Amino acid sequence: MLQDEFSLAITGSGGAGVMSVGELLLQAWAEEGGRGLLRKAFGPQIRGGEAAALLKLTSHQRYTASSTHNLLLAFDWENFSRFGDEIRLQPDSIVLCENPADMPDSLQVLQPQIISLPFKELAKNAHPEGRLNMLALGVLGALLGIPVATLKSLATHKLADKVEDYRDAAEACIDAGVCAAPDLAPALPAAKAEKGWYISGNQAAAYGALVGGVRFVAAYPITPASDVLEYLAAPLERMGGALVQAEDELAAINMALGAAYGGVPAFTATSGPGLALMSESIGLAVASETPVTILDVMRGGPSTGIPTKSEQSDLNIALYGLHGDAPHLVLAPLSISDCVFTCAWAVQLAQRLQTAAIVLSDQFLGQSTAIIDPPRELPVIESSSRGSRGDHYLRYAITDDGVSAQSIPGDHDQRFTADGLEHNERGTPSAGALDHQQQLDKRARKLTALDPGDDWGETHGRGSVALICFGSAAAAVTTAYDPLTAAGIDCRVIALRLLAPLPLEQLMEALDGCTRIIVIEQNHGAQLLHYLRGYLEFSGSFHSVATPGPVPLSPATIVTAVSEVLDDE
Amino acid sequence: MLQDEFSLAITGSGGAGVMSVGELLLQAWAEEGGRGLLRKAFGPQIRGGEAAALLKLTSHQRYTASSTHNLLLAFDWENFSRFGDEIRLQPDSIVLCENPADMPDSLQVLQPQIISLPFKELAKNAHPEGRLNMLALGVLGALLGIPVATLKSLATHKLADKVEDYRDAAEACIDAGVCAAPDLAPALPAAKAEKGWYISGNQAAAYGALVGGVRFVAAYPITPASDVLEYLAAPLERMGGALVQAEDELAAINMALGAAYGGVPAFTATSGPGLALMSESIGLAVASETPVTILDVMRGGPSTGIPTKSEQSDLNIALYGLHGDAPHLVLAPLSISDCVFTCAWAVQLAQRLQTAAIVLSDQFLGQSTAIIDPPRELPVIESSSRGSRGDHYLRYAITDDGVSAQSIPGDHDQRFTADGLEHNERGTPSAGALDHQQQLDKRARKLTALDPGDDWGETHGRGSVALICFGSAAAAVTTAYDPLTAAGIDCRVIALRLLAPLPLEQLMEALDGCTRIIVIEQNHGAQLLHYLRGYLEFSGSFHSVATPGPVPLSPATIVTAVSEVLDDE
Amino acid sequence: MNESLAMKPRDYKSGIKPIWCPGCGHFSVLNAITKAAAACGLAKDDTVLVSGIGCSSRLPAYVDSYGFHGVHGRGLAVAQGLKVARPDLTVIALGGDGDGFSIGGNHFMHACRRNVNITYIAMDNEVYGMTKGQASPTSPEDWEGSKLTPHGPGVRPFKPAAMALASGAPWIARGYSGNPNQIARLLAEAMAFPGFSFLHVLSQCITFCPQQTDWKAIVSDFEEEPLSRADEAAALFLSEDGFKTGLLYREPRAIWPPEAAPAEDAKLVLRDLASVFQR
Amino acid sequence: MNESLAMKPRDYKSGIKPIWCPGCGHFSVLNAITKAAAACGLAKDDTVLVSGIGCSSRLPAYVDSYGFHGVHGRGLAVAQGLKVARPDLTVIALGGDGDGFSIGGNHFMHACRRNVNITYIAMDNEVYGMTKGQASPTSPEDWEGSKLTPHGPGVRPFKPAAMALASGAPWIARGYSGNPNQIARLLAEAMAFPGFSFLHVLSQCITFCPQQTDWKAIVSDFEEEPLSRADEAAALFLSEDGFKTGLLYREPRAIWPPEAAPAEDAKLVLRDLASVFQR
Ligand SMILES: Cc1ncc(C[n+]2csc(CCOP(=O)(O)OP(=O)(O)O)c2C)c(N)n1
Ligand SMILES: Cc1ncc(C[n+]2csc(CCOP(=O)(O)OP(=O)(O)O)c2C)c(N)n1
Ligand code: SF4
Ligand code: SF4
Ligand SMILES: [Mg+2]
Ligand SMILES: [Mg+2]
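Criteria and thresholds
- Residues numbered from 1 in each chain as written.
- Chains lettered and ligands numbered in written order.
- Predicted model: local features only at pLDDT ≥ 70, side-chain atom pairs only at ≥ 80, totals over all residues.
- Heavy atoms only, no water.
- Contact = heavy atoms within 4.5 Å.
- Buried area = accessible area lost by both parts, 1.4 Å probe.
- Salt bridge = Lys/Arg side-chain N within 4 Å of Asp/Glu carboxyl O.
- Polar contact = N/O pair within 3.5 Å; in protein donor to acceptor, adjacent residues only side chain to side chain.
- Helix = DSSP H or I, 4+ residues; strand = E, 2+ residues; numbered from the N terminus.
- Nonpolar A, V, L, I, M, F, W, Y, C, P; charged D, E, K, R; others polar.
- Least-squares fit on C-alpha atoms with pLDDT ≥ 70 in both.
- Domains from an automatic or database assignment.
- Near = heavy atom within 4 Å.
- Pairing = 2+ DSSP bridges.
- Axes fitted to C-alpha atoms, helices over the stretch in contact; angles between N-to-C directions.
- Donors = N, O, S within 2.8 Å, 3.2 Å for Na, K, Ca; no water.
- Buried < 20%, exposed > 50% of the residue type's maximum accessible area, 1.4 Å probe, protein only.
- Core = buried A, V, L, I, M, F, W, Y, C linked by side-chain atoms within 4.5 Å.
- Areas by Shrake-Rupley, 256 points an atom, 1.4 Å probe, with all protein chains shown as cover.
- Phe/Tyr/Trp six-rings, centres within 6.5 Å; stacked < 30°, edge-to-face > 60°.
- Lys NZ or Arg CZ within 6 Å of the ring centre and 35° of its normal.
- Right-handed = clockwise from strand over helix to strand, strands pointing away.

S.K.: Teacher, can you tell me more about the interface of chain A and chain B here?
M.R.: Many descriptions give the size of an interface as the accessible area lost when the pieces come together. Listed by partner, the interface residues are 56 residues for chain A and 56 residues for chain B. Roughly 4700 Å² is buried in total at the junction of chain A and chain B, and carbon and sulfur atoms are behind 59% of that figure. On the chain A side of the interface with chain B, the three residues burying the most area are Pro302, His323 and Asp325 of chain A, jointly 15% of the side's total. In this assembly, chain A and chain B are joined by 2 salt bridges. Of the charged contacts, one joins Arg533 of chain A and Glu537 of chain B as a salt bridge, the two residues approaching to 3.4 Å between their closest N and O atoms. Between the two partners, chain A and chain B, sit 34 residue pairs in polar contact (both at pLDDT 80 or more). Secondary structure elements with two or more residues in the side of chain A that touches chain B: α11 (272–288), α12 (315–320), α15 (433–448) and α18 (527–535) of chain A. If one sorts the elements of the side of chain A that touches chain B by residue count, α11 of chain A sits on top with 9 residues. For the side of chain A that touches chain B, the class distribution of residues is 23 nonpolar, 24 polar and 9 charged.

As structure tokens, this is what we get:
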């Protein structure tokens, strides 16, 4: 029997190798042409403590966190219990464990299908160096119908830098696990024909930045954005680019501006606190018309908040966080896979419009690993208009589309001083009313004149209730579409990739025929709702479903919340 | 003959003492029980260059910049011309100058009433050390009907630390000026009975902060906010408080948080770029519930922008510039005089709600000097709820109004660690969904539960077209009310002092009967318009009059723009 | 300090369980703080620990005193503001090498210069522990433990003692997490010192820099009297290996702010201000 | 550098009139820059002046080269990013004492440490000129010229050369606005030096610190060979009056980033990356 999704959770202590099992299983699933998602959950400890690999095998790519799991493999119950009710089961779930007797009451009441396996003994018997997690890999691999050869080859590849004995032990344990696997055939999703990419959102964003043309990165580490930087260092070096670990975010953004002024597309990645620190200098990018792309991998806020969990609460600061009138680009990838396209597009738009682009990813997208369809090719947009300059070079010339020819150092006789002070067309500081008005108009026009084409967002369905969301929420909202429709709610989904400039024309077209808008977002203040209300000419009613992190947005909750909103009317 | 306002401009080189004449004249006018405004205009040079004292004598306190002047005293034409068309006259204006022949064409065509006076000769004849500006003071004082004794006593007081000869020269020149004054009786506004205070908006803000209870200030100099700090240093010291000049704005805001955590009401003043730098730590104030007041004296933006000129373009960053969901207070003084009340109120609200308050003044309010009615007494609000703590102290206890009892170091056995990480009621870091939701709710509730009473804003008239504005724009918009009404436009003015939390109830009441809203503001992006649209349930139509700096908002332009908006419909 | 009579180090623990890895050097600093507190009979209600962000900066919650866990790099600013506003309190700022020398470097320099009477403990593990092991300003040039700097940071390490000295810090000491008793003794002395006291602690990160267990063999005691001449101290700090522990430099100078004149009644001051405007 | 044959100092002026007060020391620095440019035959198209905010930081607009007038305190970061991305350019960062040592202090320290091959000119007038005369980190402790610090800042002044040295700067010199020829000579040498060169210029603010005209009598030439031992240099910088001019310290070390391997085709690298994800 096939089904759409199959969720499994593997829990244990931080040192038990739970995550390796999760990664290897998903990789093996990818080998089989499957699609799926891996989320990692840890306790508050820096290291050790409890760990859970939360896997979802799917036949589609609308990845959302699972609210319940079809299968649980618990190495022990103590570490499982530390997750509180973060990991839920359902009545027909399968539970693999060593001591069913110690199973917490919250699970007992569900009366799941319990399979007791003597993990420790089996592992020990398989090999003196045998480890539980490789045994678990064998058991689960067998249950999922993955060839044992695939499991072994992936495991030994992963252990390539360990001593041989270690790899032997792993193979022995996998074999033992396969043997010990219960004789069950859970209903699994169908595999796609094409083998997917195994990638995290942060990897995808890094890859996208490179595809978009980024050759310089300066950044300061911050959770959950640091791994973007880690992925970038080596390829940048090979490409002849550079990555600088700056002393702080203030330096990072300004180093990026320096490189960009030099004509090298520049990028930085950070999270809320770092974005706040960068805001003064993002304003400089806008005023001096120096392109730069800033990836904000959002986490729980405000302040230090919840650094390891996801939230969409930096929309306000991304849209409005600069002082003065400082129009700039804000985008948000709609999925892990879309991190590639959206980052690449952001970089190219920033280059073309000579301004700052802020990309709002989040911890859920960034730090989940998924199997995605190979990303679509990006048509490389020619960056801004170098070369079209006349004899009397005006760096900040007033133009119809607001974009002026940008020279870079080395260009012959097109020298200018870039300035964050208000200036005239040449770039000379000016406090004159006309210069100010003209430059403000020009900088605003760059954005209003932008035709984003079809990439401004994605829509789904044609019902009269518009469910509007942005970025990471898109998957959960889109997944809620079917059950909502089934429940008789005539809805459509509008997911925004481009947030600023707000694609008003496209949005109004997408809203054609709608009588109600429900804005769905993962924050407390209903930030997108108020933003849209502030700009949209919509005669129907606005409603809000705004839930903060740290629990990932779930389609089921959305279905309930949307139904409630409509009932309330 | 009486009239409402009389405007005069005095221009010369930076070194000519133009500003002293302006200040002394306004002080003298204050002695007479008059009301009035002094704006200072300079060229781009740090020192020297051109200077203009722009005075307005009034019978009211709705101070706006003059679009044209009834009188011009130009020490020379070269420096006058450098102001371009910043200083305008009207056909019946009086012009006092040395060489009418050199008068620029732009003035000639107006055919003003020209009076030629040999300034230099008169001054030299009066005293070997005689200076033009004291002569001008005599001439203008006589024209305005100010007793010569008043002029002399103010001038000698101002020159108290100079050598005696200098004061003698001044007195002699004033006498000579009075003698040389033309026999004209320009129509002047009536004086009020009560002698007013002679004060700038920045002085008023500093005074208000002290009235509100501020005893600690940390700041980093920035135009046009530095003089707030300069006024604060000495009185703070006398009060046993302290002012720290920090190494940067990051230090300044955090030093303020340290003092506030210690129970000492804390304050900082800055402008756009500094506010941007502070935004991360303002978020910390919100999350750790540490009160602090930040005065932003707005200048032209974005980036370094136009530091010496006014604009209302930091509304967005003030409202939305923090990462995560970080509800806080935003206020804006409605006039120079109101800087006292609004700053004091902001400090007290911040203390009571244990959060950050951002006060949006601007260069026009801050650096103009005016004669104001003595400010109203402020009822001292008791700051937060110390002392109501039980045995098991929960610093972040969930309460109905969102405000928890706040202990300070030294308080017996009520120890806690303030934290910007999400936390439980005790303050212990927590990534739990329930703690996060509860603390977000609580922090939002503090603001939604606030009853601002009558001080949320001011209204004027009851017409069906609502002219909504905030802060410094209030005077110009209110002044436009009469001519608009006279022109048959049935309007009312709503000026917001409290911007966040938006006083929705009061605003809806104030809008009762309105069919149209025109939002009038001094920025490019129509920031207030979009904010209001995002939150207001208003069935009528919204319109925008948004003009950026650096030219001050003028009632005449508003009248025109409002008429146009309504004609367009 | 009557409290002291009854107080043991463990009485200064808050009961909140540290999130640190077993074997983390920061445990020693925590223990040293409670030991020093007990030894000095520190009044819990009058003591504030202030920190930034990092594994090390989590410490205040683990001590039963007042605490302020601020944002990354700004602990010293908070601590100075607090002490200037409330000179009656004992204020200890603390944090990691990333917090203090990278993002917080400017406040470090200016705090040394300003000489407010607080103590600053930098828990230096030559790495960003909290964010999972990137190079910090004190990481060795050739440390290849982070993917962000795969060939090592390649940059001359930051020398905390030399920087403190050049910036004007009047009291500079170094401890090592392997010797918490020494840290406790130094800390007691630091708190007693009138002025800004900088206690640099080599505090190993067992997780991302396991090689730091070798420090045990490298550290040595600075057996001389603390230096008081800046030139001598500079010569030492610029040439040494950075593993000499003990009180290294001590040269008191005027603290800031200077003792204030007795406060006047605020109403009176406001009246005076008003009279100027009314003049 | 064929250009050089024809170029005179005045050819390097942009024609934009400085907003500076007559008598401001910054004019001398401007003149010295154009002189050095002419002497070195600097290619205008390949030279970038980068600055922060302040009177001093207005300078780039007055030179006929590429320029970047950024935000307050961050010029050094911009300059380093630019040079790392474009090693072919000559990059000169400049700004005031407030810009460089107060708000920009962290970048100053880390730039000294990082040793990117740029030149940094700090135009030090011991005051915030642009904001009308507040104390800067280098202001004398007892300078009472600002209402913000009516009894003087009361804090030990920041010692730029000592800080640069402790941070690791390999080239440290000092000039004086009264002697633009010396500044020009030092600047030419600084640009030729492989690594981070720090040129500290005493540049008087005639408006807010008229007493600085006395500097003329105080400055002296450093007549020795530049020091190359850090301990000797530290002893000098911590004890001197700060008015010795000339090249004070010079000790080259490896610049950062190290020479890069030849770049590979980006498409190829992307393909390799993709293949890892496809594995
Ligand atoms: C503004 C900001 N930038 C970055 C971070 C991410 N961050 C948290 S802790 C840390 C470094 C911690 O290193 P250190 O101070 O040495 O402490 P340790 O964990 O090693 O004890 C960083 C970069 C942050 N929280 N805030
Ligand atoms: C973030 C920020 N804070 C403060 C300011 C205000 N400001 C402009 S220039 C300056 C100091 C200038 O002093 P310095 O760098 O010594 O240059 P000088 O004018 O003396 O040449 C300050 C504080 C600013 N522009 N930006
Ligand atoms: S990561 Fe390192 S510094 Fe952080 S708790 Fe673990 S051992 Fe300590
Ligand atoms: S204020 Fe000082 S630094 Fe600024 S231009 Fe004038 S003299 Fe120079
Ligand atoms: Mg560390
Ligand atoms: Mg200066």
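Continuing now.
S.K.: Looking at this model, I keep getting lost on the relation of the copies chain A and chain B. Mind explaining?
M.R.: Think of it as a corkscrew move, a rotation about one axis and a shift along it, taking one chain copy to the other. The operation relating chain A to chain B is a screw motion whose rotation component is 180 degrees, with 0.0 Å of axial translation and a residual RMSD of 0.1 Å. Given the turn and translation reported, the copies of this chain are related as if by a two-fold rotation axis. The overlap is high: 100% of the interface residues of chain A also sit at the interface in chain B, so the same surface is used on both sides.

S.K.: For this particular structure, what's the right way to read the interface of chain A and chain D?
M.R.: In this complex, chain A contributes 58 residues to the contact, which on the side of chain D involves 46 residues. Together chain A and chain D conceal approximately 4300 Å² of surface at their shared face, both sides included; 61% is due to carbon and sulfur atoms. Of all residues in chain A, Arg238, Glu247 and Arg415 of chain A give up the largest surface area on contact with chain D, accounting jointly for 18% of the area buried on that side. Counting the contacts that link chain A with chain D gives 5 salt bridges. Asp45 of chain D is the salt-bridge partner of Arg415 of chain A, the closest N and O atoms lying 2.6 Å from each other. Counting every contact that joins chain A to chain D gives 23 residue pairs in polar contact (both at pLDDT 80 or more). At the level of secondary structure, the elements contributing two or more residues to the side of chain A that touches chain D comprise α1 (18–31), β7 (197–200), α8 (201–212), α9 (226–238), β9 (242–245), α10 (249–261), α11 and β15 (417–419) of chain A. Here the side of chain A that touches chain D gets 8 residues from one element, more than from any other, and that element is α10 of chain A.

S.K.: Sorry if this is basic, but what is going on with the domain arrangement of chain A here?
M.R.: Each assigned domain of chain A is listed with its residue range as follows: domain 1 (5–180), domain 2 (198–372), domain 3 (384–450) and domain 4 (455–568). A straight line from the C-alpha centre of domain 3 of chain A to that of domain 4 of chain A covers 38 Å.

S.K.: Any chance you could explain the site of ligand 1 here in plain terms?
M.R.: Residues in close proximity to ligand 1 total 24 residues, the closest being Glu249 of chain A together with Cys55, Ser56, Asp97 and Asp99 of chain C. Positioned at a junction of chains, ligand 1 has nearby residues supplied by chains A, B and C. Within the contact set of ligand 1, a nitrogen atom lies 2.5 Å away from a side-chain nitrogen or oxygen of Glu249 of chain A. Ser56 of chain C places a side-chain nitrogen or oxygen 2.7 Å from an oxygen atom of ligand 1. Those elements giving two or more residues to the shell around ligand 1 turn out to be α11 of chain A together with α3 (97–103) and β5 (127–128) of chain C. Looking at the shell around ligand 1, its residues break down into 11 nonpolar, 9 polar and 4 charged.

S.K.: Would you mind going over the sheet that holds strand β5 (residues 89–97) of chain A with me for this structure?
M.R.: Within a sheet, each strand pairs with its neighbour through backbone hydrogen bonds, oriented either parallel or antiparallel. All names here are of chain A. With respect to topology, 8 strands assemble into an open sheet ordered β6-β5-β4-β1-β3-β2-β14-β7, the strand pairing being mixed. Pairing within the sheet leaves two strands with one partner each, and these edge strands are β6 (113–116) and β7. Direction aside, neighbouring strands of the sheet carry axes that sit 15 degrees apart on average. Relative to β6, β5 is paired through 4 bridges, and the arrangement is parallel. For Ile94, the partnering residue across the bridge sits in β6 and is Gln113.

S.K.: Would you mind showing me how to read the coordination of the magnesium ion (ligand 5) here?
M.R.: For a metal bound by four donors in tetrahedral geometry, the ideal donor-metal-donor angle is 109.5 degrees, whereas six donors in octahedral geometry ideally sit at 90 or 180 degrees. Residue and element names in this part refer to chain C. Those donors, Asp97 (OD), Asn125 (OD1) and Val127 (O), are the protein atoms that reach the magnesium ion (ligand 5), and they lie 2.0 to 2.1 Å from it. Donor residues for the magnesium ion (ligand 5) sit on one chain with the sequence pattern D-x27-N-x1-V. For Asn125, a relative accessible area of 5% translates into the label buried.

S.K.: Mind showing me how you'd approach the side chain of Asp45 of chain C here?
M.R.: Topologically, Asp45 of chain C is positioned in the loop between α1 (26–40) and β1 (47–51). What makes Asp45 of chain C buried here is its relative accessible area of 8%. Only 2.6 Å separates the side chain of Asp45 of chain C from the side chain of Arg415 of chain B, close enough to count as a polar contact. Those residues in contact with Asp45 of chain C that lie beyond four places of it in its chain are Pro409, Gly410, Asp411, His412, Asp413 and Arg415 of chain B together with Tyr66 of chain C.

S.K.: Is there a simple way to explain the nonpolar core in this structure?
M.R.: One broad rule of soluble globular proteins: the nonpolar side chains tend to lie buried together. Counting residues in each nonpolar core, the largest one holds 437 residues, and the members touching the most others are Phe216 of chain A together with Leu96 and Phe216 of chain B. Setting aside chain neighbours within four positions, we find Leu96 of chain B in contact with Leu71, Leu72, Leu73, Ala74, Ile115, Leu117, Phe119, Val139, Leu140, Leu143 and Pro182 of chain B.

S.K.: Would you mind going over the pattern of salt bridges with me for this structure?
M.R.: Two side chains carrying opposite charge are able to pair once their charged atoms lie near each other. Residues and elements named next belong to chain C. If you walk through the whole model with that rule in mind, you get 58 salt bridges over all chains. A salt bridge links Arg229 to Glu232, with the nearest nitrogen and oxygen atoms 3.9 Å apart. For Arg229, a relative accessible area of 46% puts it in the partly exposed group. Relative accessible area serves as the criterion here: at 39%, Glu232 is assigned to the partly exposed category.

S.K.: I keep staring at the site of ligand 2 and nothing clicks. Help me out?
M.R.: Taken together, 24 residues form the shell around ligand 2, and within it Glu249 of chain B together with Cys55, Ser56, Asp97 and Asp99 of chain D come nearest. In this structure, ligand 2 is bordered by residues of chains A, B and D. The contact in question runs from an oxygen atom of ligand 2 to an N or O atom on the side chain of Ser56 of chain D, over 2.7 Å. Notes on ligand 2: free accessible area 590 Å², of which the protein chains cover 98%. For the shell around ligand 2, the secondary-structure elements that each account for two or more residues are α11 (272–288) of chain B together with α3 (97–103) and β5 (127–128) of chain D.

S.K.: Which parts of the structure should I look at to understand the packing of aromatic side chains?
M.R.: When we look at a pair of aromatic rings, we describe it by the centre distance and by the angle of the planes. For the structure on display, the rule yields 53 aromatic pairs over all chains. Taking 6.1 Å as the distance between ring centres and 85 degrees as the angle between the ring planes, the aromatic pair formed by Tyr320 of chain B and Tyr531 of chain B counts as edge-to-face. Of this pair, Tyr320 of chain B sits in helix α12 (residues 315–320) while Tyr531 of chain B is found in helix α18 (residues 527–535), placing the two residues 211 residues apart along the sequence. Among the residues examined, Tyr320 of chain B registers a relative accessible area of 8% and is labelled buried. On the basis of an interplanar angle of 50 degrees and a centroid distance of 6.4 Å, the ring pair of Phe108 of chain D and Phe158 of chain D is categorised as tilted. Taken together, the residues span a long stretch of sequence, with Phe108 of chain D in helix α4 (residues 105–114) and Phe158 of chain D in the loop between β6 (134–135) and α5 (160–167) at a distance of 50 residues. Given a relative accessible area of 4%, Phe158 of chain D falls into the buried group. One aromatic cluster in this structure is built from Tyr261, Tyr393, Tyr396 and Phe416 of chain A together with Tyr66 and Phe68 of chain D. Sitting over the face of the ring of Tyr166 of chain B, Lys162 of chain B holds its NZ or CZ atom 5.7 Å from the ring centroid.

S.K.: Could you clarify how one ought to interpret the coordination of the magnesium ion (ligand 6) in this entry?
M.R.: Residue and element names in this part refer to chain D. At 2.0 to 2.1 Å from the magnesium ion (ligand 6) lie its protein donor atoms, namely Asp97 (OD), Asn125 (OD1) and Val127 (O). Read in sequence order, the donor residues coordinating the magnesium ion (ligand 6) give the pattern D-x27-N-x1-V. In this pair, Asp97 is assigned in helix α3 and Asn125 in the loop between β4 (119–124) and β5, connecting sequence segments 28 residues apart. Each member of the pair, Asp97 as well as Asn125, is classed as buried.

S.K.: Please explain the side chain of Asn133 of chain B as it appears in this structure.
M.R.: All names here are of chain B. Tracing the backbone shows Asn133 in helix α5 (residues 132–143). Polar side-chain contacts of Asn133 include one of 3.2 Å to the backbone oxygen of Gly17. Contact partners of Asn133, with chain neighbours within four places excluded, come to Ala16, Gly17, Ser20, Val21 and Phe75.

S.K.: Explanation requested: the pairing of strand β18 (residues 491–496) of chain A in the structure shown.
M.R.: Side chains on a regular strand alternate between the two faces of the sheet. All names here are of chain A. Burial of β18 is extensive: 6 of the 6 residues sit out of reach of the surface. Neither face of β18 is open: one carries Cys491, Val493 and Ala495, the other Arg492, Ile494 and Leu496, and all of them are buried. Pairing of strand β16 (residues 457–460) with β18 involves 4 bridges; the strand directions are antiparallel. Residue pairing in the sheet places Thr459 in a bridge with Ile494 of β18. The sheet contact formed by strand β17 (residues 465–470) and β18 spans 6 bridges and is parallel. Counted as the bridge partner of Cys469 is Ala495 from β18. Each parallel crossover has a hand, and the one from β17 via helix α16 (residues 473–486) to β18 is right-handed.

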